[in-house]
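# Descriptive structure summary
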Protein chains: 2
Amino acid sequence: MTSMALRSISAAQLRERLVGTPLTTPVYADLAERVRLLVVDGRLGGGVRLPSERELAESLSLSRSTIAAAYEALRTAGYLQARRGAGNFATIPHARVVSTHLPGPLGEEDGSIGMTCASGSAPAGLAAAYAGAAARLPELLASTGYLPDGLLDLRVALAGWFTARGLPTDPGQLVVTNGALSALNVVARCLLVPGDRVLAETPTYSNAIEALRAQPIRLAGYPLPASGWDPVELEQTLGQVRPALSYLVPDFHNPTGAWMSEELRPQVAGAVRRAGSRLLVDETLVELALDGGAPRTPLAAYAPGAVTIGSASKAFWSGLRIGWIRAPHDLVRPLIETRAAMDLGAAPFEQLVVAGLLTDGAHVLAEQRTRLRRQRDHLAGRLRATFPTWTFTVPAGGLTLWVQLPDEASSRLAGLAHDHGVLVTPGPRFHVDGGGERHLRLPFTAGEAVLTEAVRRLEHAWADVQTRRPGGVRRRSDPLALSA
Amino acid sequence: MTSMALRSISAAQLRERLVGTPLTTPVYADLAERVRLLVVDGRLGGGVRLPSERELAESLSLSRSTIAAAYEALRTAGYLQARRGAGNFATIPHARVVSTHLPGPLGEEDGSIGMTCASGSAPAGLAAAYAGAAARLPELLASTGYLPDGLLDLRVALAGWFTARGLPTDPGQLVVTNGALSALNVVARCLLVPGDRVLAETPTYSNAIEALRAQPIRLAGYPLPASGWDPVELEQTLGQVRPALSYLVPDFHNPTGAWMSEELRPQVAGAVRRAGSRLLVDETLVELALDGGAPRTPLAAYAPGAVTIGSASKAFWSGLRIGWIRAPHDLVRPLIETRAAMDLGAAPFEQLVVAGLLTDGAHVLAEQRTRLRRQRDHLAGRLRATFPTWTFTVPAGGLTLWVQLPDEASSRLAGLAHDHGVLVTPGPRFHVDGGGERHLRLPFTAGEAVLTEAVRRLEHAWADVQTRRPGGVRRRSDPLALSA
């Protein structure tokens, strides 16, 4: 229910995040602004204790009065809260955390372009995959259709897929679910007890945040550096949070697109293991390496107790609604018993379709990757040409660009974008401990023409952001719309 | 998490449930046995306070010492617990509440007959329904396939179906889910807050009990009389429990098969409304009237705030994995937002299949009913011929017979039945407040030959129950198997 942050940051750690370029005069104001941006970007989570004025002054070789003035400015602006005898804690002014509305697909009936769901139409090969499964429909119809663990054909295909990738797996270690989000719900309900703490990268997949927050647990963020996972920082966060479960997305991380290197994998898994935490790996996007590169070992291969979740939604098509859990043998029975109280299984026909795609769908996946690469590059090109002040790293895979805006305008932009007929999810929805107003997730799952038009509409919305007062945003009835 | 019972039963109410036939000598022992059977059958839930010795003595025109001896016998046997200054409370000895194992479909690989799931193979018309939907697959594949509210075609068809049955409904009041159990989970997570109380009939659908117990709420039972709902008793239970939500199954109630009469419907809905409770109606079996009879008005038609859940699993085929929620307009948005954190929608292809069946599947439903009627009558005949001491009422619809055994042997029978190659769900799994050892749920969803063989195996198991000591049941590793 509540969010619990990394509890403190040392003066040395804060200095490292603050001093890329020399401080400008007045130094206190520049320092305050840099700290504020760390908070805005979720690099300093809400509730984290800052070093004392004295410690930070020493670390930065500045006078204590300069630090005091910077902290005072941050407190006045609402980004820092002093607690008597306890120190100064990062806070995020409330209005900035809450998105103004939930944009998404349900709003599209009015002609809006939905840029909230990172999913597109099915690749051409899907029709043939459905036809292939239809040939075996009579076998299914002769059964009850209840498959609490999943269709054996699919579990065999999945076991082969995991094993070939370097994570030996037998079909008895797999539970088929209604997509990866459903898998996350089953795992959370089965493995967590009230009061448990769960660690997740921040930013992370917005629906995972919602799903975990629906449990009676405390969710804490590990601020993911722009350069990717830092095992030392992660280990420190783990030590402070002591999470029962650590939810990580190592492959084309949603929303940033980060891809954990091969060398980092044993280090990250080791840090989680040493903290006594169980690793929950989300591999939803693992098949979407768009620029080639050697396949990387599943993170769970370095962590014997790890649970891995995945989905056919991104590699093939979201409308399949098939995901899975891969778990150690001792967890499989409790997982199935838990899921049996939530739903009674995924649709067996789509399980047949996915089993076929896993064994015989390499060309479908290749088609999917080619299309996504083209769309990614198209969107990146349009954004560069249209928004010279927006910055982003083109990810090596996945489905989204994680754009940094020059201002804390993500929610305002999302609100105005809706007026201009394009729905985007504001950055704060991807943040565990607050922050995110300087970022925007833009999926490249639509075709080029739609992406071009979406950028054109965003251009108008951005012009409005630049000219209107922050308080001048017109409020409207919220469209009901959801992200994915 | 915990179960909370009807808190007290008056002397007059208890007398009514006790004295069908004259008491035999020794009176105290007969009285104790009758109270014990009320507890065993769930008609007196665990935790319910019994009348004082004096009150019951007056009510039954017996001496107080007779009542005292009966209560003493019940305490000795573990069915009554005295709490100083508070009175005597019904309890169920622990070992009788817990089923010895979870029987079900996963155990069938060894050649066992699964009688735990009330679902069979698909009726012949299903193949054509799939083929019909396949013709429209290209439309679906051109979309993202994410439908958090559900396919419009299906919601339109469902709205028409509800409206024709006497509950005016528009498509905006419907949310499509992965089956009725998934619908129950969405409703529970959306509408309940920790500490809420929920009332359910006892016995009731076992997976509903599991799903509700997974919420941080208190579940209480309304003991469903063998003759069906009693509005006066229900109102009294509602007054004592004060539930936020009242989960009722008025149409071919699972597992008893009871069908709420047309006259009772406004009375039951009125009692729930007066108690300030929201009605949650489970219509999963509503289409399975097997002996004809005029259709009855949806219970929600008498309760404006009611939420109704339903499913295509029983009328058509479980492998469709399509259910729905029908709710007042103001609840639809919160329900969709809640489900979006649980899964991202049901499979769109099966939604097309079900939309087709609702508009054009009357012959499929007729085939389903004919088959079920034949199988019901076959099972009833075999049971009567094989087990003269077992009693049951043939239900007017639904999928199961709710058999009363002459002994409290349901869990023992289930355990021994597994040894003989037939899996059955013991009665206690359907009970909210304990009890159920005298009942067994037997679905008639399999074909006649399978039912004949299942009864033959049960006959052997029952012979074992009769000859073995209760403590002599061989323990084995539990097969992982689930009910539905």
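Coordinates for the structure precede this section.
Residues numbered from 1 in each chain as written. Chains lettered and ligands numbered in written order. Predicted model: local features only at pLDDT ≥ 70, side-chain atom pairs only at ≥ 80, totals over all residues. Heavy atoms only, no water.

## Observations regarding the overall build of chain A
When its secondary structure is counted, chain A shows 17 helices and 14 strands. Since a compact globule built from 484 residues should have a radius of gyration of about 23 Å, the 23 Å found for chain A is in line with a globular shape. Along the first, second and third principal axes, the C-alpha set of chain A runs to 80 × 50 × 40 Å. Across the 484 residues that make up chain A, the buried fraction comes to 62%. Across chain A, every contact between residues at least 6 apart in sequence was considered, and the portion connecting residues at least 24 apart equals 76%. Just so you have it, chain A exposes about 16900 Å², and 54% of that area is on carbon and sulfur atoms. (Helix = DSSP H or I, 4+ residues; strand = E, 2+ residues; numbered from the N terminus. Rg over C-alpha atoms; globule rule 2.2 N^0.38 Å. Buried < 20%, exposed > 50% of the residue type's maximum accessible area, 1.4 Å probe, protein only. Contact = heavy atoms within 4.5 Å. Areas by Shrake-Rupley, 256 points an atom, 1.4 Å probe, with all protein chains shown as cover.)

## Focus: the environment of A:Gly305
All names here are of chain A. With respect to the helices and strands, Gly-305 occurs in the loop between β8 (278–282) and β9 (307–311). Here Gly-305 falls in the partly exposed class, since its relative accessible area comes to 32%. Sequence separation between Gly-305 and Leu-219 is 86 residues, and the spatial gap between their C-alpha atoms is 21 Å. Once you skip the residues sitting within four places of it in the chain, Gly-305 turns out to touch Arg-278 and Pro-328.

## So, the packing of helix α16 (residues 410–419) of chain A against helix α17 (residues 448–467) of chain A
All names here are of chain A. Orientation of α16 relative to α17, taken along the N-to-C sense of each, is 125 degrees, at an axis distance of 8 Å. Judged by the angle between their axes, α16 and α17 are oblique. Where α16 crosses over α17, the two elements pack in a sense that is right-handed. Contacts from Arg-412, Leu-413, Leu-416 and Ala-417 in α16 reach Leu-458, Ala-461, Trp-462, Asp-464 and Val-465 in α17. (Axes fitted to C-alpha atoms, helices over the stretch in contact; angles between N-to-C directions. Parallel < 35°, antiparallel > 145°, perpendicular 65-115°, else oblique. Left-handed = near helix turned anticlockwise from the far one by under 90°.)

## A look at the interface of chain A and chain B
Listed by partner, the interface residues are 58 residues for chain A and 58 residues for chain B. At the boundary of chain A with chain B, total buried surface from both sides reaches about 4600 Å², with 66% on carbon and sulfur atoms. Broken down residue by residue, the surface that chain A buries against chain B is led by A:Leu141, A:Tyr146 and A:Arg321, which jointly contribute 15%. Where chain A touches chain B, the interface holds zero salt bridges. At the level of secondary structure, the elements contributing two or more residues to the side of chain A that touches chain B comprise α6 (125–134), α7 (137–141), α9 (180–191), α10 (206–213), α13 (329–340) and α14 (348–360) of chain A. Taken together, the residues of the side of chain A that touches chain B break down into 32 nonpolar, 16 polar and 10 charged. (Buried area = accessible area lost by both parts, 1.4 Å probe. Salt bridge = Lys/Arg side-chain N within 4 Å of Asp/Glu carboxyl O. Nonpolar A, V, L, I, M, F, W, Y, C, P; charged D, E, K, R; others polar.)

## Overview of the packing of aromatic side chains
On inspection of all chains with the given rule, the structure shows 19 aromatic pairs over all chains. With a centroid separation of 5.9 Å and 55 degrees between ring planes, the pair formed by A:Tyr130 and A:Phe349 is classed as tilted. Of this pair, A:Tyr130 sits in helix α6 while A:Phe349 sits in helix α14; the two residues are 219 residues apart in sequence, bridging distant segments of the chain. Each member of the pair A:Tyr130 and A:Phe349 is classed as buried. With a centroid separation of 5.9 Å and an interplanar angle of 75 degrees, the aromatic rings of A:Trp161 and A:Trp324 are classed as edge-to-face. Pair noted here: A:Trp161 is in helix α8 (residues 152–164) and A:Trp324 is in strand β10 (residues 323–326), with a separation of 163 residues, a long-range link. There is no split in this pair, since A:Trp161 and A:Trp324 are both buried. Among the aromatic residues, those joined into a cluster by ring pairs are A:Tyr130, A:Trp317, A:Phe349, B:Tyr130, B:Trp317 and B:Phe349. For the cation-ring pair, A:Arg83 lies above A:Phe89, with the distance from its terminal atom to the ring centre recorded as 3.9 Å. (Phe/Tyr/Trp six-rings, centres within 6.5 Å; stacked < 30°, edge-to-face > 60°. Lys NZ or Arg CZ within 6 Å of the ring centre and 35° of its normal.)

## Remarks on the sheet that holds strand β13 (residues 425–426) of chain A
All names here are of chain A. Sheet architecture is open: three strands sit in the order β11-β14-β13, paired in antiparallel fashion. Across the chains shown, the open sheet's two edge strands, defined by having one partner strand only, are β11 (400–404) and β13. Across two bridges, the pairing between β13 and strand β14 (residues 439–443) is antiparallel. Residue pairing for β14: Thr-425 is matched across the bridge by Arg-441. Contacts from helix α15 (residues 362–386) reach β11 and β14, with the element oriented near 20 degrees to β11. (Pairing = 2+ DSSP bridges.)

## Notes on the sheet that holds strand β13 (residues 439–443) of chain B
Residues and elements named next belong to chain B. Reading across from one edge, β3-β12-β13-β11 is the order of the four strands in this open sheet, with mixed pairing throughout. Across the chains shown, the open sheet's two edge strands, defined by having one partner strand only, are β3 (113–115) and β11 (400–404). Looking at each pair of strands side by side, their axes are set apart by 30 degrees on average, direction ignored. In the sheet, β3 pairs with strand β12 (residues 422–426) via three bridges, with the strands oriented parallel. What sits directly across from Ile-113, in β12, is Val-422. Strand contacts of helix α16 (residues 410–419): β12 and β13, with the helix running at about 165 degrees to β12, the strand carrying the most contacts. Strand contacts of helix α17 (residues 448–467): β3, β12 and β13, with the helix running at about 90 degrees to β3, the strand carrying the most contacts.

## Some thoughts on the state of the cysteines
Within the structure shown, the criterion is met by zero disulfides over all chains. Cysteine B:Cys190 remains unbridged, with the sulfur of A:Cys117 as its closest cysteine sulfur at 20 Å. (Disulfide = S-S within 2.5 Å.)

## Some thoughts on the relation of the copies chain A and chain B
Aligned on chain B, chain A shows an RMSD of 0.1 Å; the corresponding rotation is 180 degrees and the shift along the axis is 0.0 Å. This pairing of chains is accounted for by a two-fold axis. Among all residues of chain A, the minimum C-alpha distance to the rotation axis is found for A:Ala347, at 3.6 Å. In this assembly, 100% of the residues forming the interface of chain A have copies in chain B that are likewise at the interface, indicating an isologous arrangement. (Least-squares fit on C-alpha atoms with pLDDT ≥ 70 in both.)

## Here we look at the side chain of A:Asp464
All names here are of chain A. Structurally, Asp-464 can be placed in helix α17. Here Asp-464 falls in the buried class, since its relative accessible area comes to 16%. Here the side chain of Asp-464 touches His-420 through a polar contact of 2.8 Å, side chain to side chain. If near-sequence neighbours (up to four positions away) are discounted, Asp-464 is found in contact with Leu-416 and His-420. (Polar contact = N/O pair within 3.5 Å; in protein donor to acceptor, adjacent residues only side chain to side chain.)

## Structural notes on the pairing of strand β7 (residues 245–248) of chain A
Residue and element names in this part refer to chain A. Residues Leu-245 and Tyr-247 point to one face of β7 and Ser-246 and Leu-248 to the other, with burial holding for every one of them. Examined bridge by bridge, strand β5 (residues 197–202) and β7 share three bridges and lie parallel to one another. Note on β7: the bridge partner recorded for Val-198 is Leu-245. Here four bridges tie β7 to β8, and the two strands are oriented parallel to one another.

## Notes on the pairing of β14(A)
All names here are of chain A. Summarising burial for β14: five of the five residues are buried, a large majority. The two faces of β14 match: His-439, Arg-441 and Pro-443 on one face and Leu-440 and Leu-442 on the other face are all buried. In this structure, β11 lies alongside β14, joined through five bridges in antiparallel fashion. The residue bridging Thr-400 from the neighbouring strand is Pro-443, located in β14.

## Structural notes on empty space enclosed by the protein
Summed over all chains, the structure comprises 14 cavities of 30 Å³ or more. Of the volumes computed, that of the largest cavity is approximately 220 Å³. Lining the largest cavity are 21 residues, with A:Ala180, A:Tyr205, A:Asn254, A:Thr284 and A:Lys314 sitting closest to its centre. The residue makeup of the lining of the largest cavity, split by class, is 11 nonpolar, six polar and four charged. What lines the second largest cavity is a set of 18 residues, and nearest its centre among them are B:Ala180, B:Tyr205, B:Asp282, B:Thr284 and B:Lys314. Residue assignment for the lining of the second largest cavity shows that the elements contributing at least two residues are α9 (180–191) and β9 (307–311) of chain B. For the lining of the second largest cavity, the leading source of residues is α9(B), giving three residues. (1 Å grid on protein atoms, 1.4 Å probe; cavity = no way out; pocket = protein on both sides within 12 Å on 5 of 7 lines; lining within 4 Å. Points joined across faces, edges and corners; volume = space filled by probe spheres on them.)

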